[in-house]
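What follows is each chain in one-letter form.
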Amino acid sequence: MSVSSAGFRVRAAGAAATMALAMLVTAVPARADGPWFVNATKQAGLRHTHMAVSPPVILPPETGGAAVGDVTGNGHPDLYFTILDGPDILYANQGDGTFLDVSEQVMGSDRPGHGSNGALLADLNNNGHLDLFVNGGLRTSHYLLINTGQGTLVDRTAEYNIGPSGDAGHLGQGATAGDYTGNGYLDLYVPDWSSRRPRDPPRNRLLRNDGGHFTDVTELAGLDGMENQHGFAGRFADLNRNGRLDLVVANDFGTSALYWNQGDGTFIEAADDAGYGTGTNDMGLAVADYNNNGWLDIFTTSIGNQGQDPLPAAGNRLYRNEMGHDLPGLYLTDRTDDAGVRWGNWGWGASFIDYNNNGLRDLVMVNGYPVPSYRDTPMRFWENQGDGTFIEKSAELGLTDDGDGRGVIVADFNNDGWLDILVINHGARPVLYQNRGGDNHWLRIDTVGTLSNRQGIGAWITVVPDLDDADLFYVHEVNLGSNYAGHNETTAHFGLGLLDGAVDYVHIRWPSGVEQELFNVSPNQVLTVTEIPEPGSAAMVAALASLLARRRVRRRRWTNVQA
């Protein structure tokens, strides 16, 4: 592969790269002083339950969501939890390993809850502050709370046209955000599994952000066929690397779908042609480059116990992206059994995670359902071996939760460079697993868009630790994809193994098309990169015009908030 100012040209990894990846696995030995993860829930102050009273079966059984992001602006990731029989909870990260409940202080009478489900923290108006989207559950609409930048979140659901009364009874399963139109604002895809009203089909919705107002363009964008699909999770992702965000969704009952972005505001459904969606009951969704070939792969959770499920299509799915081979008709191939990740019981949320910073994305998923065969089943964690296979190591690593898991979140909650895991349990307490870390190096990158959306969602980051060994590289697409009813942090995390010295090269392709290069980057830091078009370029002129327009919009909105 080659590096140039025009961008990073990715080719399929060869034998040398595969060997290098396999060697990385030996860079981090098992800990001799106890498990890799420790349960830090109590010390962190996460003391709530998803439901105060726990009957044998809690309805709706698919509930239990959370979101992560720096709402308070102190540089530490905060946590938002949805609650089934009470008001939702916002915890402010204190930066010392503990969280403080600031729900009433921040949201006041606008506080969602009492049947809410999934949640999303995203800067939807490009003012530099994270807003809050929450599935309304059994109320008349979803919620949208806008961050004033003054320590409060205020309900602007109606103003932004998020949830008309026609959504009454539609639970919603979280949301994913991405700028599929390229206008610099984050759009929303909201999956929906069912309605609580008889004979009312699910309403999966695509909401286009027009800059302060959302428009339901589900039918206009060519997604009207998803109306009867029981949606669980979604992710905007540039799967074919053409610079446009596609949409991949995990649906129940064998209806998972993949939509290619046509670049004109419409999508074309292509799951069958691409080789995606062969699972029977897809629920959780994870997207990342697990084999380090420069292309995003897909993992979906489903229902399945090894030796107990007669259906050959039961269980999870791992799809390897083959588009880097430039072979006509070859898109995704099913590598589930080769990788050893099919069986995870009644699966829900999932995420890729490089837990030991060796440069390989591992897999974590949660599971459980209140029926005998799937009750009290342990969560799953598969360690990436670097040769296309994974080994299950949850108990060895200290990940022992066997609750009725729904959501899972991966983030560095204590800013030490090691990724932690949060499990959201249905009808019970969450569990926070703190990563004790090791000796490997890391690099974390926060993106700030100017011409692109403010968070840089959709930015494609390539890291080459050593230009003399350019076949070994890592890619990450900054995203707000739904794992199931929640999402990970947006900071791009790169494990660097036992790297000797600085990172030679970092390349960022922004959603606007602007490209930036960084050289000789020190490891073990959180690096904030602001989108900077070339001086005098058309992109620079457009960026300045966009900034001025956004300032005018913010000034008008702040006047409205004060009034």
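In this text, all values refer to a predicted model and were calculated from it rather than measured experimentally.

Engineer: Would you mind going over the overall build of the protein with me for this structure?
Structural biologist: Across its full length, the protein carries 8 helices and 38 strands. In the protein, buried positions account for 61% of the 563 residues. For the protein, the share of sequence-separated contacts (at least 6 apart) that also reach a separation of at least 24 residues comes to 59%. Accessible surface, the protein as shown: approximately 20,300 Å² in total, 51% of it carbon and sulfur.

Engineer: Where do I start with the sheet that holds strand E12 (residues 176–178) in this structure?
Structural biologist: The strands that make up a sheet are held in pairs by hydrogen bonds between backbone atoms, and each pair lies either parallel or antiparallel. Pairing is antiparallel across the open sheet formed by 4 strands, whose spatial order is E12-E13-E14-E15. This sheet does not close on itself; its edge strands, each paired only once, are E12 and strand E15 (214–216). Neighbour-to-neighbour, the strand axes of the sheet open up by a mean angle of 25°, direction not taken into account. Where E12 and strand E13 (residues 187–190) come together, 3 bridges link them in antiparallel fashion. Looking across to E13, one finds that Thr176 is bridged to Tyr189.

Engineer: Is there a simple way to think about the packing of aromatic side chains in this case?
Structural biologist: When we look at a pair of aromatic rings, we describe it by the centre distance and by the angle of the planes. Evaluation of the coordinates by the stated rule reveals 23 aromatic pairs. Look at Tyr160 and Phe214: their rings are 6.4 Å apart centre to centre, the planes differ by 40°, and that puts the pair in the tilted class. Of this pair, Tyr160 sits in helix H4 (residues 157–160) while Phe214 sits in strand E15; the two residues are 54 residues apart in sequence, bridging distant segments of the chain. Judged by its relative accessible area of 1%, Tyr160 falls in the buried class. Look at Phe214 and you get buried, because its relative accessible area is 0%. Residues Tyr505 and Phe519 carry aromatic rings whose centres are separated by 5.2 Å and whose planes lie at 55° to one another, so their mutual orientation is tilted. Of this pair, Tyr505 sits in strand E36 (residues 503–509) while Phe519 sits in strand E37 (residues 515–521); the two residues are 14 residues apart in sequence, bridging distant segments of the chain.

Engineer: Where do I start with the layout of surface pockets in this structure?
Structural biologist: Empty space among the atoms becomes apparent when a probe as large as a water molecule is rolled across them. Estimates place the volume of the largest pocket at around 710 Å³. Along the wall of the largest pocket there are 30 residues; nearest its centre are Asp70, Leu130, Asp446, Thr490 and Thr491. Of all the secondary-structure elements, those providing two or more residues to the lining of the largest pocket are strand E4 (66–69), strand E32 (441–448) and strand E38 (526–530). No other element matches E32, which puts 4 residues into the lining of the largest pocket.

Engineer: Sorry if this is basic, but what is going on with the pattern of salt bridges here?
Structural biologist: When the charged atoms of two side chains lie near each other, side chains of opposite charge can form a pair. Evaluation of the coordinates by the stated rule reveals 16 salt bridges. Note that Arg156 is salt-bridged to Glu159, the shortest N-O span being 3.4 Å. Judged by its relative accessible area of 39%, Glu159 falls in the partly exposed class. Across the pair Arg342 and Asp337 runs a salt bridge whose closest N-O atoms are separated by 2.7 Å.

Engineer: Whenever I open this one, the nonpolar core confuses me. Can you help?
Structural biologist: Proteins that are soluble and globular tend to have nonpolar side chains buried together. Counting 38 residues, the largest nonpolar core has Leu188, Ile445, Ile461 and Val506 as the members making the most contacts within it. Contributing elements (two or more residues each) for this core: strand E8 (119–122), strand E10 (143–147), E13, E32, strand E33 (460–464), strand E35 (492–497), E36 and E38. Setting aside residues up to four positions removed in sequence, Ile445 forms contacts with Ile461, Thr491, Ala492, Phe494, Val506, Leu527 and Val529. Counting 28 residues, the second-largest nonpolar core is a separate cluster that includes Ile303, Val364, Leu399 and Val431.

Engineer: Just to check I follow, could you spell out the sheet that holds strand E34 (residues 474–477) for this structure?
Structural biologist: Across the sheet, which stays open at both edges, the 4 strands sit in the order E34-E33-E36-E37 with antiparallel pairing between neighbours. With one partner strand each, in any of the chains shown, E34 and E37 form the two edges of the open sheet. Taking the axes of each pair of neighbouring strands and ignoring which way they run, one obtains an average angle of 15° across the sheet. When E33 meets E34, the two strands line up antiparallel, connected through 4 bridges.

Engineer: Sorry if this is basic, but what is going on with the environment of Thr72 here?
Structural biologist: With respect to the element layout, Thr72 can be found in the loop between E4 and strand E5 (78–81). Judged by its relative accessible area of 39%, Thr72 is partly exposed. Separated by 80 residues in the primary sequence, Thr72 and Thr152 have C-alpha atoms spaced 8.7 Å apart. One polar contact links Thr72 to Asn74, side chain to side chain, over a distance of 3.4 Å.

Engineer: Hey, could you run me through the side chain of Ser482 in this one?
Structural biologist: Residue position: Ser482 is located in the loop between E34 and E35. Within the structure, the side chain of Ser482 is placed 3.5 Å from the backbone nitrogen of Ala485, a separation counted as a polar contact. If sequence neighbours within four positions are ignored, Ser482 has contacts with Gln173, Ala175, Thr176, Ala233, Gly234 and Leu285.

Engineer: What am I meant to see in the pairing of strand E17 (residues 246–251) here?
Structural biologist: Walk down a regular strand and you will see the side chains alternate between the two sheet faces. Buried residues dominate E17, accounting for 6 of its 6 residues. Side-chain alternation along E17 places Asp246, Val248 and Ala250 on one buried face and Leu247, Val249 and Asn251 on a second face that is also buried. In this sheet, E17 lies alongside strand E16 (residues 231–237) in antiparallel orientation, the contact comprising 6 bridges. When the bridges of E17 are listed, Phe236 appears paired with Leu247. Note: E17 against strand E18 (residues 257–261), 3 bridges, orientation antiparallel. Bridge pairing in E18 places Leu247 opposite Tyr259. Between the end of E17 and the start of E18, which pair antiparallel, lie 5 residues, with Phe253 showing a positive phi angle near 60°.

Engineer: Mind showing me how you'd approach empty space enclosed by the protein here?
Structural biologist: Here the structure, examined in full by the defined rule, presents 5 cavities of 30 Å³ or more. Lining the largest cavity are 26 residues, and of these Val287, Phe352, His476, Asn479 and Asn488 sit closest to its centre. Where the lining of the largest cavity is concerned, the elements lending two or more residues are strand E20 (285–288), strand E25 (345–353) and E34. By residue class, the composition of the lining of the largest cavity is 11 nonpolar, 9 polar and 6 charged.

Rules used throughout
- Residues numbered from 1 in each chain as written.
- Predicted model: local features only at pLDDT ≥ 70, side-chain atom pairs only at ≥ 80, totals over all residues.
- Heavy atoms only, no water.
- Helix = DSSP H or I, 4+ residues; strand = E, 2+ residues; numbered from the N terminus.
- Buried < 20%, exposed > 50% of the residue type's maximum accessible area, 1.4 Å probe, protein only.
- Contact = heavy atoms within 4.5 Å.
- Areas by Shrake-Rupley, 256 points an atom, 1.4 Å probe, with all protein chains shown as cover.
- Pairing = 2+ DSSP bridges.
- Axes fitted to C-alpha atoms, helices over the stretch in contact; angles between N-to-C directions.
- Phe/Tyr/Trp six-rings, centres within 6.5 Å; stacked < 30°, edge-to-face > 60°.
- 1 Å grid on protein atoms, 1.4 Å probe; cavity = no way out; pocket = protein on both sides within 12 Å on 5 of 7 lines; lining within 4 Å.
- Points joined across faces, edges and corners; volume = space filled by probe spheres on them.
- Salt bridge = Lys/Arg side-chain N within 4 Å of Asp/Glu carboxyl O.
- Core = buried A, V, L, I, M, F, W, Y, C linked by side-chain atoms within 4.5 Å.
- Polar contact = N/O pair within 3.5 Å; in protein donor to acceptor, adjacent residues only side chain to side chain.
- Nonpolar A, V, L, I, M, F, W, Y, C, P; charged D, E, K, R; others polar.

Without other data, these values stay purely geometric and don't point to any function.
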